[in-house]
Amino acid sequence: MSSYSTQNRAPYPSEQPFATASTRRSPGMSHAGSDYEGKRAAQLSLAYGVLGMFLFWFVFGPLAISSANKAERMGEPAAGGRLLGWVAIILGALSILLIIGWVLFFAAAFSSAFPSGMSV
């Protein structure tokens, strides 16, 4: 053995005993348990909100709000996902009302354009 092994020094990490599972974490897994789930729910609420703006607002809007509520229960802020979910629902409902309005408008316009005795 060399003289280095007899000196007073801190042991290298490879010489230290194994740490317990609760103290050993890899850099990518710094959040454990509900912290990770809360962040995931917040990210999902934002993704659902964006999808709800463009596709299937009646599905993704409520999913965004539900995921935002779940994230907030776990202590993560998710106001963006909740806001986008509500905006998607409101814009979707307004688009349905606009389509119904246009159908009624054209039905009234075509029904008054032809007298009741004539057929098309």
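Treat the numbers as computed from the prediction; the structure is a model and nothing was measured.

S.K.: Please provide a residue-by-residue account of the pattern of salt bridges, values included.
M.R.: Under the counting rule described, the total for this entry stands at two salt bridges. A salt bridge links Lys39 to Glu76, with the nearest nitrogen and oxygen atoms 3.9 Å apart. On the criterion of sequence distance, the pair formed by Lys39 in helix 1 (residues 34-54) and Glu76 in the loop between helix 2 (57-73) and helix 3 (79-113) is long-range, its members being 37 residues apart. Among the ionic pairs, Arg82 bridges to Glu72, the shortest N-O distance being 3.7 Å. Here Arg82 is found in helix 3, whereas its partner Glu72 is found in helix 2, with ten residues between them in sequence.

S.K.: Describe the packing of aromatic side chains, naming the residues involved and giving the relevant values.
M.R.: Applying the stated criterion across every chain, the model contains seven aromatic pairs. Taking 6.0 Å as the distance between ring centres and 25° as the angle between the ring planes, the aromatic pair formed by Tyr48 and Phe60 counts as stacked. Within this pair, whereas Tyr48 is found in helix 1, its partner Phe60 is found in helix 2, the two being separated by twelve residues in sequence. The buried category is assigned to Phe60, whose relative accessible area is 17%. Ring centres of Phe105 and Phe106 lie 5.3 Å apart, and the angle between their planes is 70°; this geometry places the pair in the edge-to-face category.

S.K.: Kindly report on unusual backbone geometry, identifying the contributing residues and their values.
M.R.: The backbone of Phe56 sits at a positive phi, close to 40°, despite the residue not being glycine. Within the secondary structure, Phe56 sits in the loop between helix 1 and helix 2.

Parameters at a glance
- Numbering of residues starts from 1 in every chain and runs along the sequence as written.
- It should be noted that, the model being predicted, local features are given only for residues of pLDDT at least 70 and side-chain atom pairs only at 80 or more, the latter also being counted only at that level, while totals for whole chains, interfaces and linings use all residues.
- Side-chain figures throughout are based on the complete set of non-hydrogen atoms in the structure, without hydrogens or water.
- Between Lys or Arg on one side and Asp or Glu on the other, a salt bridge is scored when a side-chain nitrogen of the former is within 4 Å of a carboxyl oxygen of the latter.
- Strands here are runs of E lasting at least two residues and helices are runs of H or I lasting at least four, both read from the DSSP assignment and numbered beginning at the N terminus.
- Note on aromatic contacts: the rings of Phe and Tyr and the six-membered ring of Trp form a pair at centre separations within 6.5 Å, being stacked when their planes are under 30 degrees apart, edge-to-face when over 60 apart, and tilted otherwise.
- To sort residues, take the accessible area from a 1.4 Å probe on protein chains only and compare it with the maximum for the residue type: under 20% means buried, over 50% means exposed, and anything in between is partly exposed.

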